[in-house]
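Overview (structure and organization)
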Amino acid sequence: MNRLDELSGRIASREARIGVIGLGYVGLPLALGFARAGFPVSGFELDAEKVKALNEGRSYIEDVSADEIGAAVRAGKFDASADFAGLAGCDVINVCVPTPLTKTKDPDVSYIVHAVEDIRKRLRGGQLLILGSTTYPGTTHDLFVPILQETGLKLGRDFAVAFAPERIDPANRHFALAQVPKVVGGETPVCTKLAVQVYESIFDKVVAVSSSQSAEMVKLLESTFRAINIGLANEVAMMCNRLGLDVWEVIDAAATKPYGFMKFEPGPGLGGHCIPVDPSYLSWKMKSLNFSARFIELATEINGHMPEYVAQTVGDLLNEDRTALNGSNVLLLGVAYKANVSDLRESPALDVIRLLGEKGAQVSYHDPHVPEVHLDVFAAKSVELTDEALASADLVVILTNHAGVDYDRVVAKAHRVYDTRNATRGVREGREKVRKL
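A brief structural summary. (Residues numbered from 1 in each chain as written. Predicted model: local features only at pLDDT ≥ 70, side-chain atom pairs only at ≥ 80, totals over all residues. Heavy atoms only, no water.)

Quick look at a nonpolar patch on the surface now. Taken together, the side chains of M239, L243, L245 and V250 define a hydrophobic patch exposed on the protein surface, amounting to about 380 Å² of accessible area. The class of L243 is exposed, set by a relative accessible area of 62%. (Patch = residues over 30% accessible without salt bridge, like charges linked within 9 Å, V, L, I, M, F, W, Y side chains within 5 Å. Areas by Shrake-Rupley, 256 points an atom, 1.4 Å probe, with all protein chains shown as cover. Salt bridge = Lys/Arg side-chain N within 4 Å of Asp/Glu carboxyl O. Buried < 20%, exposed > 50% of the residue type's maximum accessible area, 1.4 Å probe, protein only.)

Structure (structure tokens):
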């Protein structure tokens with residue numbers, strides 16, 4: 001029996017130790033999913049404070065409860081460490097590190113490279129390595145595998161490699177981790193078989209594709225589909241503004257069609273870990289093949305322009321009230337990139353803050369999930385949403401539709417409201433104060 005056959009047996013008996021590199025919004029739920037399934041799990045994280053919190057049973061992610069972490073730690077099924085030497089004892093290693101863009105919008109795969117180097121130093125026979133970080137097609141095959149083969153071990157015989165994209169949607173209460181099908185593509189049939197086997201232990205459905213490149217492309221298609229359709233919704237919002245129409249009414253009515261239409265909503269811009277970033281990975285890759293990804297580039301242009309559109313509209317609304325933007329008091333409601341999370345990554349609110357500040361506005365914000373914001377040009381704490389704070393603002397701008405905010409009170413107490421998220425849809429009194437995106 002070779003080492004990979006032994007690994008299959010260890011997975012079947014739940015004896016295989018699962019390693020997870022990167023204990024963020026993707027890696028931590030995955031690690032706990034394996035722990036619940038009965039596997040011993042070791043998490044690896046560079047942030048010493050996060051490691052300390054996890055080993056003490058504390059959570060720093062809204063979607064993961066402290067009780068769940070504490071139970072796994074007490075049962076001896078989960079531990080966290082900043083010492084990557086422990087990778088040598090892991091049979092299956094999941095890489096869940098960030099893959100951001102550089103300032104020039106090129107893929108930054110440095111986190112992946114560092115993770116792979118850490119694995120290569122400890123690589124042994126009988127290990128399965130699964131990359132879950134979103135990246136361009138070919139990363140696993142062209143970058144990941146060659147580094148590992150420098151050890152002299154043979155892919156598909158001594159060790160296995162696969163790609164399985166993450167599908168985490170922060171604050172989504174409708175689908176638990178196990179309910180979202182897991183896509184897997186291995187470097188060889190044996191690699192795919194082992195990855196499918198390990199993920200079948202925690203996911204209700206596992207979908208195998210023909211290669212790691214196909215699995216990488218699946219993730220990019222999913223994110224690009226959303227980015228392009230949100231770009232369309234944003235452009236329609238600007239059209240409706242010119243036509244004097246309510247874009248939210250139009251979209252809601254169109255969504256009553258039971259076939260051929262999928263509802264996407266406009267907003268102040270794209271944010272988060274996937275939609276603003278992933279399509280650029282695909283566009284970058286295609287440029288290297290002399291192919292112009294025109295839909296992606298157009299959607300990126302439209303979505304990227306939305307913070308400017310919002311800032312311009314803020315100025316127009318203040319001008320209607322004979323108030324200059326320079327020196328005005330603008331209160332922003334919500335700075336996280338989406339409702340009911342604390343995540344600021346790529347949040348369009350940060351661009352809106354910068355643009356309004358450049359025009360001389362006095363900007364404050366309230367966000368129940370984000371106590372502080374620190375930018376190069378702006379540093380502030382979330383203000384309490386008092387009646388006085390609402391009444392003293394020249395304009396209240398809703399950028400994130402957090403559920404914990406009383407929008408009836410916001411409209412009642414504010415002088416004027418600019419709603420970019422349709423958060424005031426249920427407000428009946430004072431509608432004349434509200435201007436929607």
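One can describe the packing of helix α8 (residues 212-243) onto helix α10 (residues 278-287) by two numbers: an axis separation of 8 Å at closest approach and a directional angle of 115 degrees. The two elements α8 and α10 meet at a crossing, and its hand is left-handed. Contacts between α8 and α10 involve M217, K219, L220, S223, T224 and A227 from the first element and D278, P279, Y281 and L282 from the second. Of the residues that constitute the contact of α8 with α10, the class distribution is 6 nonpolar, 2 polar and 2 charged. (Axes fitted to C-alpha atoms, helices over the stretch in contact; angles between N-to-C directions. Helix = DSSP H or I, 4+ residues; strand = E, 2+ residues; numbered from the N terminus. Left-handed = near helix turned anticlockwise from the far one by under 90°. Contact = heavy atoms within 4.5 Å. Nonpolar A, V, L, I, M, F, W, Y, C, P; charged D, E, K, R; others polar.)

What follows deals with the side chain of Q127. Relative to the helices and strands, Q127 is located in strand β5 (residues 127-131). Residue Q127 is classed as buried on the basis of its relative accessible area of 0%. Within polar-contact distance, the side chain of Q127 engages the backbone oxygen of L87 at 3.3 Å. Dropping the residues within four chain positions of it, Q127 is found in contact with L4, L7, L87, A88, C90, D91, I93, R122, D158, F159 and A160. (Polar contact = N/O pair within 3.5 Å; in protein donor to acceptor, adjacent residues only side chain to side chain.)

Here we come to unusual backbone geometry. For R322, which is not glycine, the phi dihedral falls at a positive 60 degrees. Note that R322 resides in the loop between α11 (294-320) and β9 (329-333). A positive phi is found at E346, a non-glycine position, where the angle reads about 60 degrees. Looking at where E346 falls in the secondary structure, it is placed in the loop between β9 and α12 (348-358). Exposure remark for E346: the relative accessible area of 43% places this residue in the partly exposed category.

Any functional reading would require information that these geometric values do not contain.
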